[in-house]
Amino acid sequence: MAPNTAANALQDGKRRQAQALLGNGEVWLIAARESGVRPEPALTLVAGVDVTWDSLFLLTRTEAVAIVGRFDADAVPPGWTVHGYDADLRALLRAEVTRLGAQRVLLNISEDDPLCDGLTSGLERRVRGWLEPGPDLSGDDLAALEWDSAAPLLGQLRSVKTPGEHAAIREAVDLAEAHLREMAAAARPGWTERDVAAFLQGLCRRDGAEPSWGWNACPNVHIGPDSPRRTRRPATTPCGPAICCTSITACA
């Protein structure tokens, strides 16, 4: 499959934005494994890569380092210094953390925001174990690190849009409005909510767009004054006096 260069450009912009938000001595450590099954939202935001083995992405103000299994290495996008491993990443991680001058490590853990809580408890324990202070079998001596949540950083990163994100939002809005105009011109008496949704989804597929929250529930279509105003699958309610379509969103 050809790479999505537009998405890669957006992710590269978010990576650079995150680096600018980090302080001296801070390392944002994004840990993931089997991300195709259990995605890590932050990794999708700044790298957009799926990994299988235990994988660590380290960001500082000046560097971006990826430590991944060797079969995952070629999938890491440009902008990252990639280190592949075959069996054990502990020594490699400790060496990189020391080289980067890490004093404070930010992890994706949050009690309040699921998008900032991508690190599983098991993988968190592994990360902390890999970075326990003191010497290990390789002879290195790692100083004690301060640990904290990356939630404040991620909150800023998601709230403040880059120029590339602004352009993508405008493009998506323009496309969604064009789809609505095309639907309004095509709709006929007797169309059901499902007909409207299927028509709009057909336009999305035709133009290479995707719905905001999955094909089963987007767009959210309501016909007439008696249609329940809540997110649900489109019903078989036919067109009556009016069509009211809400929450129709597409991303180019």
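Shown above is the structure to which this text applies.
Since this is a predicted model, take the numbers as computed values, not measurements.

A. Local environment of the sheet that holds strand β4 (residues 81–85). Read from one edge of the open sheet, six strands run β4-β3-β2-β1-β5-β8, paired in mixed fashion. Among the strands making up the open sheet, the edge pair consists of β4 and β8 (146–149). Averaged over all pairs of adjacent strands, the angle between strand axes in this sheet comes to 25°, irrespective of strand direction. Examined bridge by bridge, strand β5 (residues 104–107) and β8 share four bridges and lie parallel to one another. The partner of Arg104 across the bridge, within β8, is Glu146. Contacts between helix α4 (residues 121–130) and the sheet are confined to β1 (26–32), β2 (55–59), β5 and β8, with β1 contributing the most and set at about 135° to the helix. The strands touched by helix α5 (residues 151–159) within the sheet are β1, β5 and β8, with β1 carrying the most contacts at an inclination of about 85°.

B. Quick peek at the packing of aromatic side chains. A complete count under the given rule lists four aromatic pairs for this structure. Centre to centre, the rings of Trp53 and Tyr85 are 5.7 Å apart; their planes meet at 50°, and the pair counts as tilted. Here the residue Trp53 occupies a position in the loop between α2 (41–46) and β2, and Tyr85 occupies one in strand β4, the gap between them amounting to 32 residues. When its relative accessible area of 29% is taken as the criterion, Trp53 is described as partly exposed.

C. Looking closely at the pattern of salt bridges. Tallying each qualifying case throughout the model produces 14 salt bridges. A salt bridge links Arg16 to Asp12, with the shortest nitrogen-to-oxygen separation between them at 2.9 Å. Of this pair, Arg16 and Asp12 both sit in helix α1 (residues 5–21), four residues apart, roughly one helical turn. In this structure Asp12 comes out as partly exposed when scored by relative accessible area, which is 22%. Three or more residues are tied together by salt bridges with common partners; here these are Glu26, Arg104, Glu146 and Asp148.

D. Molecular detail of the nonpolar core. Judged by nonpolar contacts, the single largest core of 27 residues is most densely connected at Trp28, Leu43, Val46, Phe57 and Trp80. Among the secondary structure elements, those contributing two or more residues to this core are β1, α2, β2, β3 (64–69) and α5. Excluding anything up to four places from it in sequence, Trp80 contacts Arg15, Val46, Ala47, Phe57, Leu58, Leu59, Ala64, Val65 and Ala66. Val97, Leu100, Leu123 and Leu142 belong to the second-largest nonpolar core, a separate cluster that totals 22 residues.

E. Focus on the state of the cysteines. Under the counting rule described, the total for this entry stands at zero disulfides. Cys218 takes part in no disulfide bond, and the closest cysteine sulfur, belonging to Cys204, lies 7.2 Å away.

F. Spatial organisation of the packing of α1 against α5. At their nearest, the axes of α1 and α5 sit 10 Å apart, and the two run at 135° to each other. Here α1 is positioned oblique relative to α5, judged by the angle of their axes. Classified by chirality, the crossing of α5 by α1 is right-handed. Between α1, through Lys14, Gln17, Ala18 and Leu21, and α5, the contact on the second element is made entirely by Leu153, Gln156 and Leu157. Per-class residue counts for the contact of α1 with α5 are four nonpolar, two polar and one charged.

Definitions and limits used
- For every chain, the first residue of the written sequence is number 1, and numbering continues from 1 along that sequence.
- Local features in this predicted model are restricted to residues of pLDDT 70 or higher, and side-chain atom pairs are both shown and tallied only at a pLDDT of 80 or more, whereas totals for entire chains, interfaces and linings draw on every residue.
- Each side-chain value is worked out from all heavy atoms of the structure, with water and hydrogens disregarded.
- Strands were regarded as paired on the criterion that DSSP finds at least two bridges between them.
- Only runs of H or I of at least four residues qualify as helices and only runs of E of at least two qualify as strands under DSSP, and these elements are numbered from the N terminus.
- Only the stretch in contact is used when fitting a helix axis, every axis being a line fitted to C-alpha atoms; angles between N-to-C directions are given from 0 to 180 degrees.
- Note on contacts: a residue pair qualifies if any of its non-hydrogen atoms lie within 4.5 Å across the two residues.
- Planes of paired rings set the category: under 30 degrees apart is stacked, over 60 is edge-to-face and the rest tilted, where pairs are Phe, Tyr or Trp rings (Trp by its six-membered ring) whose centres lie within 6.5 Å.
- Residue burial is assigned from relative accessible area. The probe radius is 1.4 Å, only protein chains are included, and a residue is buried under 20% of its type maximum, exposed over 50%, and partly exposed in between.
- Any carboxyl oxygen of Asp or Glu that lies within 4 Å of a side-chain nitrogen of Lys or Arg is treated as forming a salt bridge with it.
- By convention a nonpolar core is built from buried Ala, Val, Leu, Ile, Met, Phe, Trp, Tyr and Cys residues, the set being connected through side-chain atoms within 4.5 Å.
- For this text, the term disulfide refers to a pair of cysteine sulfurs within 2.5 Å.
- An angle below 35 degrees is read as roughly parallel, one above 145 as roughly antiparallel, one from 65 to 115 as roughly perpendicular, and any other as oblique.
- Whether a crossing is left-handed or right-handed is set by the direction in which the near helix is turned from the far one by less than a right angle, anticlockwise for left-handed and clockwise for right-handed.
- The nonpolar class holds Ala, Val, Leu, Ile, Met, Phe, Trp, Tyr, Cys and Pro. Asp, Glu, Lys and Arg form the charged class, and all remaining residues, Gly among them, are polar.

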